[in-house]
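Here is how the chains run, residue by residue.
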Protein chains: 2
Amino acid sequence: MVTMCTILAIDAGGTATRAVIVLPSGHCVGLGLAVGGNPISSGFDAALHSIAAAIADARTTTGPSAAAVTSTVIAMAGAGAHSREQLSAGLVALGIGGPVQIVSDVLAMFRSGTLAPDGYVLVAGTGAVAARIENGSLAAVSDGLGWLLGDAGSGYWIGHRVAAAVAADLDGRGPATALTDLLLAELNTTAGEHAASPPTTDAAPAPVERPPVLTRLIESLYALRPVELSRFAPLAFRAADSVDDAVARAILTDAAAELGTTFAAVADPVVTGPVVLGGSVLNSGLLAHRTPLGEALRAATDSAPLLSARDGIVGAAVLGLMQAGFPVDETIFRRITDDVAALLAQSHIH
Amino acid sequence: MVTMCTILAIDAGGTATRAVIVLPSGHCVGLGLAVGGNPISSGFDAALHSIAAAIADARTTTGPSAAAVTSTVIAMAGAGAHSREQLSAGLVALGIGGPVQIVSDVLAMFRSGTLAPDGYVLVAGTGAVAARIENGSLAAVSDGLGWLLGDAGSGYWIGHRVAAAVAADLDGRGPATALTDLLLAELNTTAGEHAASPPTTDAAPAPVERPPVLTRLIESLYALRPVELSRFAPLAFRAADSVDDAVARAILTDAAAELGTTFAAVADPVVTGPVVLGGSVLNSGLLAHRTPLGEALRAATDSAPLLSARDGIVGAAVLGLMQAGFPVDETIFRRITDDVAALLAQSHIH
């Protein structure tokens, strides 16, 4: 029996971690999923735990002969030398040995969409970041500074503006918007305790009380971690698209302008190549509609071919094979892409 | 010896708590200070602790004869019946007995500036809120929804935009601004560990690294609680005023527009009266300069007399006396104002 060379590739994102075991042929023999595995957003211990859980999950679908991992590559944002050493040590302590290479999550996202040496990637998921790639390496990066300082035009950015617009509507300070009913329905659906909360029994109300619905909105939204506001981003697309809501359209127009600025900061007229659009905001199918964001992106990216990538796991596998010395051609690239899609479908996660 | 009637008045704000012991004559015989005492922003136990600390501090400057408190009034944001009962019970448990009345912090701020029955108050400190007062009661309130959902034009709002503008400048995504040097100097001054941090020793740098100063900025700012960004608001005034920085001017122009919208939401052409400007953003002396915020406020408030209030402690004392049945005229009002100012000066806090 021949011992197979296998590469363990991990995409450790802020909200989800994916692990895949890939062979030099491009065949993927195991895929695992776990919650967010980025040390910056989740903390080091939780991130290590998620990465280990995704790896263990991937291994349940593969035979013992594939357990001999040649090398491990982790795609992750903002990992310096310290994180690399810590992660290697942490994985060894968990029995997941071997050298660990850390690659940029943005580069992995680009490689999830294309094998081209040069090009661009624009990601808008929970966060937002753009990069220019030259000769297979990052040449320029813009934004990706997180919810408080940047991530302009991201899912958080849109969701936060949705929440603030609804609060202003209920407060009488902003225009009426269809987002209000959508957000309240969303909160009632996903947070049943609010629908079931008892009526206010304040025996001595102040002369002016906020509308109870505004008070409940405030309570529900401050109970979330800020980045969780990104789950309200789809409401902006829905309101802009279905009822042409002016507030929602303005949010998406502003988001498009922000993403355009971020993209422009890395664009270089000399460097041409495909533009890979990554992240849920740019790949939810919502852009197929004629929202302001979709229109502006088509304009900003000019005539470059637009590719899309759901996440960085395919690219992490490609980079893992390349770094281990295995060439990756279009056939192998397609095989990885197809196998990952098939394994994801099997795990009922789309 | 005559037993004096004394009123204990407390202004429990998000960042500071003030307590004053006031006599029906308006003479203040004790003043105490403590950190934030609002249950919403500080948590109930911490808020109770702060309120008790401010009361204890106020009592150190008064004789035992004044210890017989007739009634206690606490000015506080967003306190419902539940908070009232909890606070009363908590204060009794700490040996600070007697009935506790809770009044609106916004009404107290108005009463810190004027005895007029009707008028308006616009507060921009860490947060931002506006209210219309009719016949001595709140008739309408706008904003005050907190840093995540509202507080538009507040110290947090301005400070957050300062931080984001500096991050965009260092990231190459936004225009150069004088705010960058000001903010970095502020962080070096007040966070010595950043100035002293060792140079990056990353042995295997990624092809593109963020400028180390941007990385340090991100680390310092994410280490703060979001509302603490309000401490950078004065930098916007400084940059707009001293070097006419375009980015800073735009932030202040936008803040003024937001505060104007909030003010407009409570304005009623039928109700005339003084406008009390409260909070550090509106009372730091910075508005004396011709910043966009100062200009816009003068326009928004039309020809109404503009009064100012540093905080709500004078108003809490006024409301405490009134609710205990002691009339407050202009003479008594001036005496409270002067005594509080003198006691504050004695405690070396301005």
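Calculation criteria
Residues numbered from 1 in each chain as written. Chains lettered and ligands numbered in written order. Predicted model: local features only at pLDDT ≥ 70, side-chain atom pairs only at ≥ 80, totals over all residues. Heavy atoms only, no water. Phe/Tyr/Trp six-rings, centres within 6.5 Å; stacked < 30°, edge-to-face > 60°. Helix = DSSP H or I, 4+ residues; strand = E, 2+ residues; numbered from the N terminus. Buried < 20%, exposed > 50% of the residue type's maximum accessible area, 1.4 Å probe, protein only. Least-squares fit on C-alpha atoms with pLDDT ≥ 70 in both. Contact = heavy atoms within 4.5 Å. Buried area = accessible area lost by both parts, 1.4 Å probe. Salt bridge = Lys/Arg side-chain N within 4 Å of Asp/Glu carboxyl O. Pairing = 2+ DSSP bridges. Axes fitted to C-alpha atoms, helices over the stretch in contact; angles between N-to-C directions. Parallel < 35°, antiparallel > 145°, perpendicular 65-115°, else oblique. Left-handed = near helix turned anticlockwise from the far one by under 90°. Nonpolar A, V, L, I, M, F, W, Y, C, P; charged D, E, K, R; others polar.

Where an unreviewed UniProt entry is consulted, chain A appears under the name N-acetylglucosamine kinase-like BadF-type ATPase, with the organism given as Glaciibacter psychrotolerans.

Digging into the packing of aromatic side chains
Evaluation of the coordinates by the stated rule reveals seven aromatic pairs over all chains. Both rings, one in Tyr 120 of chain A and one in Phe 263 of chain A, keep their centres 5.6 Å apart while their planes meet at 55°; by these two values the pair is tilted. Within this pair, whereas Tyr 120 of chain A is found in strand S6 (residues 119-124), its partner Phe 263 of chain A is found in helix H10 (residues 246-266), the two being separated by 143 residues in sequence. Judged by its relative accessible area of 7%, Phe 263 of chain A falls in the buried class. An angle of 70° between the planes, with centres 5.7 Å apart, marks the rings of Trp 147 of chain B and Tyr 156 of chain B as edge-to-face. In this structure, Trp 147 of chain B and Tyr 156 of chain B share a single accessibility class: buried. An aromatic cluster is built from Trp 147, Tyr 156 and Tyr 222 of chain A together with Trp 147, Tyr 156 and Tyr 222 of chain B, whose rings are joined through pairwise contacts.

Observations regarding the relation of the copies chain B and chain A
When chain B is fitted to chain A, the residual RMSD is 0.1 Å, and the transformation amounts to a turn of 180° plus an axial shift of 0.0 Å. Read as a symmetry element, the transformation amounts to a two-fold axis. Comparing interface residues between copies, 100% of those in chain B also sit at the interface in chain A, which points to an isologous, same-surface contact.

Concerning the interface of chain B and chain A
With 41 residues of chain B at the interface, the matching set in chain A holds 41 residues. Note on chain B versus chain A: buried area summed over both sides is about 3,200 Å², and carbon and sulfur give 62% of it. Among the residues of chain B in contact with chain A, Leu 148, Leu 149 and Arg 173 of chain B are the three that bury the most area, contributing 25% of the side total. On inspection of chain B and its partner chain A, the count reaches two salt bridges. Of the charged contacts, one joins Arg 173 of chain A and Asp 143 of chain B as a salt bridge, the two residues approaching to 3.7 Å between their closest N and O atoms.

Describing the sheet that holds strand S10 (residues 306-309) of chain A
Residues and elements named next belong to chain A. Taken together, the five strands give an open sheet; going across it, the order is S8-S7-S6-S9-S10, and neighbouring strands pair in mixed fashion. Of all strands in the sheet, those with a lone pairing partner are strand S8 (137-143) and S10, marking the two edges. Strand-to-strand, the axes of this sheet are offset by a mean angle of 20°, without reference to chain direction. Where S6 lies against strand S9 (residues 275-278), four bridges are found, and the strand directions are parallel. Bridging across to S9, Tyr 120 finds its partner in Val 275. Along the sheet, H10 makes contact with S6, strand S7 (128-134), S8 and S9, crossing S7 at roughly 25°.

Quick word on the pattern of salt bridges
One pass over the structure, following the stated rule, counts 14 salt bridges over all chains. The residue Arg 18 of chain B makes a salt bridge to Asp 11 of chain B at a minimum N-O spacing of 2.8 Å. Assessed through its relative accessible area of 17%, Arg 18 of chain B is described here as buried. Three or more residues joined by partner-sharing salt bridges are found here, namely Asp 11, Arg 18 and Asp 311 of chain A.

Some points on the packing of helix H5 (residues 155-171) of chain B against helix H8 (residues 212-222) of chain B
Residues and elements named next belong to chain B. Interhelical geometry of H5 versus H8 gives an angle of 160° and a closest axis separation of 10 Å. One element, H5, and the other, H8, form an angle in the roughly antiparallel class. Crossing geometry of H5 relative to H8 is assigned as left-handed. Contacts between H5 and H8 involve Ala 163, Val 166, Ala 167, Leu 170 and Asp 171 on the former and, on the latter, Val 213, Leu 214, Leu 217 and Leu 221. Across the contact of H5 with H8, the residue classes break down as eight nonpolar, no polar and one charged.

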